[in-house]
Amino acid sequence: MSESSAGAVAGDVMAVAAATAPGWRRAGVAGAAIGVLAAGAAAGVAVERLTVGRGMRKKARLALDATGPYGSLRGTPGRAVADDGTELYYEVDEVEPAQQEDRTGSDGNRRRRLFGRKAPAPVTVVFSHGYCLGQDSWHFQRAALRGLVRAVYWDQRSHGRSERGRAQADGVAVGIDQLGRDLKAVIDAAAPEGRIVLVGHSMGGMTMMALADQYPALIRDRVAAVAFVGTSSGKLGEVNFGLPVAGVRAVRRVLPGVLRALGTQAELVEKGRRATADLFAGLIKRYSFSSRDVDPAVARFAERLIESTPIDVVAEFYPAFTEHDKSGALPAFRDVPVLILAGEKDLVTPSSHSEAIADVLPEAELILVPDAGHLVMLEHPETVTDRLADLLVRGGAVAAANVGEHGSTAQQPGR
């Protein structure tokens, strides 16, 4: 999961509470449980309101939206078609010609003419994002790797620019296995040849596990390396989201029903979101980041990504995480370089879940980033990019670790 039930969902619950106060009071236990969840964020918002007016806060958000370059990088667009007909949007960043020459040799074109050989397809890095996010959540890594490697960034079904899941529109529950089949469709469309490197954050990592579970031959024959970022192979129903025991039990008991109810009142919930924007922002910061000095523009960028996911999509995906168990698929990755990276203070997919993956993949590199939360690739982008660059070298995607020379994680305009 990315902005889990503890963050995005709680924000939605509190939002609809504000919009439907009389009905919400009847929710009883649900109100108490979510109240515990939101208490820390609400306290922070209350302090801010004592010092900064609502109008000024709104202007600050608008200013950050207007000036922040995050999410502005675009590539060559394409669409894959899932097995239920859903169109999945992806973008491709191609390798710059100079990098391609380094890979094939200066006389690569001449060899092709003499012997009729087709140049080998470049290694393609496929990035899969998390729950309630989108492909733009990889902004910093994309900026640093742009032109250095062939990369595919895609929006999972019902997220970003991808179509709303057609099966879900017909009432079929979405599952992690479906997401694995979606990833296979994207690979078939955007990287039908050559070796691939799989990189996934949170739900994206689970998607990769589902791919391995259903298509082990693809992993064996084509995957050159794998990176799991802030993800889990199962037992997400045991996560406490930093809550006391009583609060966790209450949330687990009532949240599925609350989400179903919210999903049927999407328009009302979206109005509530706008009415409680400050509280929503506080929850996102609490459950996305750990550092106190996170760039406000980055925090606002995360907020925009999450708030763009409709509540009915949030509701229909949530049950899949409690059912997720792909620990049995992990051995498929034992023969390739693997990076397992997580924030030490991740409240959504705790670092212990990354350690559990590493127990199954003992040869993997395990990196736990201090003072980092769930959105570690936004909070500590250079650390994540540095470890990814090393993985790409080990997987044969690049000839040398020259990411620093080719790009940086600093703010960059779209290009």
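Now for a quick tour of the structure. (Residues numbered from 1 in each chain as written. Predicted model: local features only at pLDDT ≥ 70, side-chain atom pairs only at ≥ 80, totals over all residues. Heavy atoms only, no water.)

### Focus on unusual backbone geometry
- Even without being a glycine, Ser202 presents a positive backbone phi close to 55 degrees.
- Its identity as a non-glycine residue notwithstanding, Lys235 has a phi of 65 degrees, on the positive side.
- Mapped onto the secondary structure, Lys235 falls in the loop between β6 (223-229) and α12 (245-263). (Helix = DSSP H or I, 4+ residues; strand = E, 2+ residues; numbered from the N terminus.)

### Some remarks on the pattern of salt bridges
- According to the stated counting rule, one finds 23 salt bridges in the structure shown.
- In this structure, Arg164 and Glu316 form a salt bridge, with 2.6 Å as the shortest nitrogen-oxygen distance. Of this pair, Arg164 sits in the loop between β4 (150-154) and α8 (166-169) while Glu316 sits in helix α16 (residues 311-323); the two residues are 152 residues apart in sequence, bridging distant segments of the chain.
- Judged by its relative accessible area of 16%, Glu316 is buried.
- Within this structure, Arg74, Glu91, Asp93, Asp136, Arg142 and Arg146 form a network of salt bridges that share partners. (Salt bridge = Lys/Arg side-chain N within 4 Å of Asp/Glu carboxyl O. Buried < 20%, exposed > 50% of the residue type's maximum accessible area, 1.4 Å probe, protein only.)

### Quick look at the sheet that holds strand β7 (residues 338-343)
- Across the sheet, which stays open at both edges, the eight strands sit in the order β1-β2-β4-β3-β5-β6-β7-β8 with mixed pairing between neighbours. Each end of this open sheet is capped by a strand with a single partner; those strands are β1 (76-81) and β8 (365-369). For this sheet, the mean angle separating the axes of adjacent strands, direction not counted, is 20 degrees.
- Where β7 lies against β8, five bridges are found, and the strand directions are parallel. Within the sheet, the bridge partner assigned to Ala342 lies in β8 and is Leu368.
- Together, β3 (124-128), β5 (196-201), β6, β7 and β8 form the strand contacts of helix α19 (residues 381-394), whose direction differs from that of β7 by roughly 175 degrees. (Pairing = 2+ DSSP bridges. Axes fitted to C-alpha atoms, helices over the stretch in contact; angles between N-to-C directions. Contact = heavy atoms within 4.5 Å.)

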